[in-house]
Amino acid sequence: NIAFKIELTGKLNYEVFSFSINELLAIHESFRLNFIKTEGLPYKKVQPSVELEIPVIDLSINPTENPDLNHLIQNECKSTFDLEKDLLVKFMLYKIDTNHHVVLFVVHHIIFDGLSMNIFLSDLSEIYNSKLKGNYTRKKSIPGSISDKMIVNTTTNEEHLCKKNHAFWLNLLGLNPETSEFTPDFPRPSEKNYEGDVYIYLLPTNETELIQSFIRS
């Protein structure tokens, strides 16, 4: 699973927040995916619609007697999902006080990754603020799923990086770079191979401690 929490400060409109989450599920079909087996082969199945109720855990009542928030979050992060039947995402809303809430988002990695997070947060913020102002309409320009945006963003970035690298090396080496011959440390075999070897080297204790200290710093 992937899990992260969002700290919210200020007054929260529960109805609008719940609407925003369900609107995200409607817009991005990735959140409505299940994976089923047919004749031993996996297939994805898109649920046409879902309605998610977000549990609100009020920790503002008797805060000294309530369970620790981190403990509650850790338990929720251990949730398991049935890929064939379950909604592969869950939300929990913890009320710390009137102007402080924590949102926990837990999702199966099969439908979500690090690239998805910025898209998710951006869309959630846009929907919530627009709905709060009373001028929200679902934009046709929003792709049908987070995976669509990921593909577009990733492909664009990779193409830009490839062109940039190509231009750099072309400028440095030219079209016909000269072949350089270096004196090898060992005789070269008549045929190239990529067989490696293993070298074991034991470091003294004091050197090991210095390296570990450097890494920690």
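Below, the structure is looked at part by part. (Residues numbered from 1 in each chain as written. Predicted model: local features only at pLDDT ≥ 70, side-chain atom pairs only at ≥ 80, totals over all residues. Heavy atoms only, no water.)

**Here's the deal with the overall build of the protein chain**
A tally of regular secondary structure across the protein chain gives 5 helices and 6 strands. The linear arrangement of helices and strands in the protein chain, starting from the amino end, is β-α-β-β-β-α-β-β-α-α-α. Counting the 217 residues in the protein chain, one finds 27% classified as buried. Within the protein chain, counting contacts between residues at least 6 apart in sequence, those at least 24 apart form 70% of the total. Summing over all exposed atoms, the protein chain offers an accessible surface of approximately 16300 Å²; the carbon and sulfur share of this is 54%. (Helix = DSSP H or I, 4+ residues; strand = E, 2+ residues; numbered from the N terminus. Buried < 20%, exposed > 50% of the residue type's maximum accessible area, 1.4 Å probe, protein only. Contact = heavy atoms within 4.5 Å. Areas by Shrake-Rupley, 256 points an atom, 1.4 Å probe, with all protein chains shown as cover.)

**Observations regarding the sheet that holds strand β6 (residues 100-107)**
Across the sheet, 4 strands lie side by side as β1-β6-β5-β4; this open sheet has mixed pairing. Either end of the sheet is taken by a strand with one partner, and the two such strands are β1 (2-9) and β4 (56-58). Within this sheet the neighbouring strands show an average axis-to-axis angle of 20°, counted without direction. Bridge count between β1 and β6: 8 bridges; the pairing is antiparallel. (Pairing = 2+ DSSP bridges. Axes fitted to C-alpha atoms, helices over the stretch in contact; angles between N-to-C directions.)

**Some words on a nonpolar patch on the surface**
Together, Y201, L203, I211, F214 and I215 line one region of the surface with nonpolar side chains, adding up to about 610 Å² of accessible area. Along the chain, the position of I215 falls in helix α5 (residues 205-216). When its relative accessible area of 63% is taken as the criterion, I215 is described as exposed. (Patch = residues over 30% accessible without salt bridge, like charges linked within 9 Å, V, L, I, M, F, W, Y side chains within 5 Å. Salt bridge = Lys/Arg side-chain N within 4 Å of Asp/Glu carboxyl O.)

**Examining the pairing of strand β3 (residues 41-46)**
Along any regular strand the residues' side chains alternate between the sheet's two faces. Two elements, strand β2 (residues 33-38) and β3, share 6 bridges in a ladder whose sense is antiparallel. Bridge pairing in β3 links L33 to V46. Counting the residues in the hairpin turn of β2 and β3 gives 2 residues, including E39, whose phi is positive at 55°.

**As for the environment of L104**
Position of L104 among the secondary structure elements: in strand β6. Owing to a relative accessible area of 1%, L104 belongs among the buried residues under this scheme. Taking the C-alpha atoms as reference points, L104 and I73, separated by 31 residues in sequence, lie 7.2 Å from one another. In this view, L104 contacts F4, K5, I73, E76, C77, K90, F91, M92 and Y94; residues no more than four positions away in its chain are not counted.

**Section: the nonpolar core**
Residues F91, Y94, F105, F112 and F120 are the most contacted members of the largest nonpolar core, which totals 39 residues. Among the secondary structure elements, those contributing two or more residues to this core are β1, α1 (14-27), β2, α2 (69-77), β5 (89-97), β6 and α3 (114-133). Setting aside residues up to four positions removed in sequence, F105 forms contacts with I2, A3, F4, F31, V89, K90, F91, F112 and F120. (Core = buried A, V, L, I, M, F, W, Y, C linked by side-chain atoms within 4.5 Å.)

**Focus: the packing of α1 against α3**
Two numbers describe how α1 lies on α3: the axes approach to 9 Å, and their chain directions differ by 130°. What the angle tells us is that α1 and α3 run oblique. Here the hand of the crossing between α1 and α3 comes out right-handed. Between α1, through V16, F17, F19, S20, I21, E23, L24 and I27, and α3, the contact on the second element is made entirely by F120, D123, L124, I127, Y128, K131 and L132. Grouping the constituent residues of the contact of α1 with α3 by class yields 11 nonpolar, 1 polar and 3 charged. (Parallel < 35°, antiparallel > 145°, perpendicular 65-115°, else oblique. Left-handed = near helix turned anticlockwise from the far one by under 90°. Nonpolar A, V, L, I, M, F, W, Y, C, P; charged D, E, K, R; others polar.)

**Re the side chain of K95**
With respect to the secondary-structure elements, K95 resides in strand β5. No salt bridge is formed by the buried K95, whose closest oppositely charged neighbour, D58, lies at an N-O distance of 4.2 Å. The contact partners of K95, leaving out residues within four places of it in the chain, are Y14, I57, D58, L59, S60, H100 and H101. (Lys, Arg positive; Asp, Glu negative; His and termini not counted.)

**Considering the packing of aromatic side chains**
Counted under the stated rule, the structure contains 11 aromatic pairs. Arranged with centres 6.0 Å apart and planes meeting at 80°, the rings of F4 and F120 form a pair that is edge-to-face. Taken as a pair, F4 in strand β1 and F120 in helix α3 lie far apart in primary sequence, 116 residues in all. Judged by relative accessible area, F120 falls into the buried class, the value being 1%. With centroids separated by 4.5 Å and ring planes inclined at 10°, the aromatic side chains of F105 and F120 adopt a geometry described as stacked. Of this pair, F105 sits in strand β6 while F120 sits in helix α3, and the two are 15 residues apart along the sequence. For F105, a relative accessible area of 0% puts it in the buried group. Members of the aromatic cluster, each reached through a chain of ring pairs, are F4, F31, F91, F105, F112 and F120. Its guanidinium or amino end placed over the ring of F19, K131 lies 4.4 Å from that ring's centre, counting from NZ or CZ. (Phe/Tyr/Trp six-rings, centres within 6.5 Å; stacked < 30°, edge-to-face > 60°. Lys NZ or Arg CZ within 6 Å of the ring centre and 35° of its normal.)

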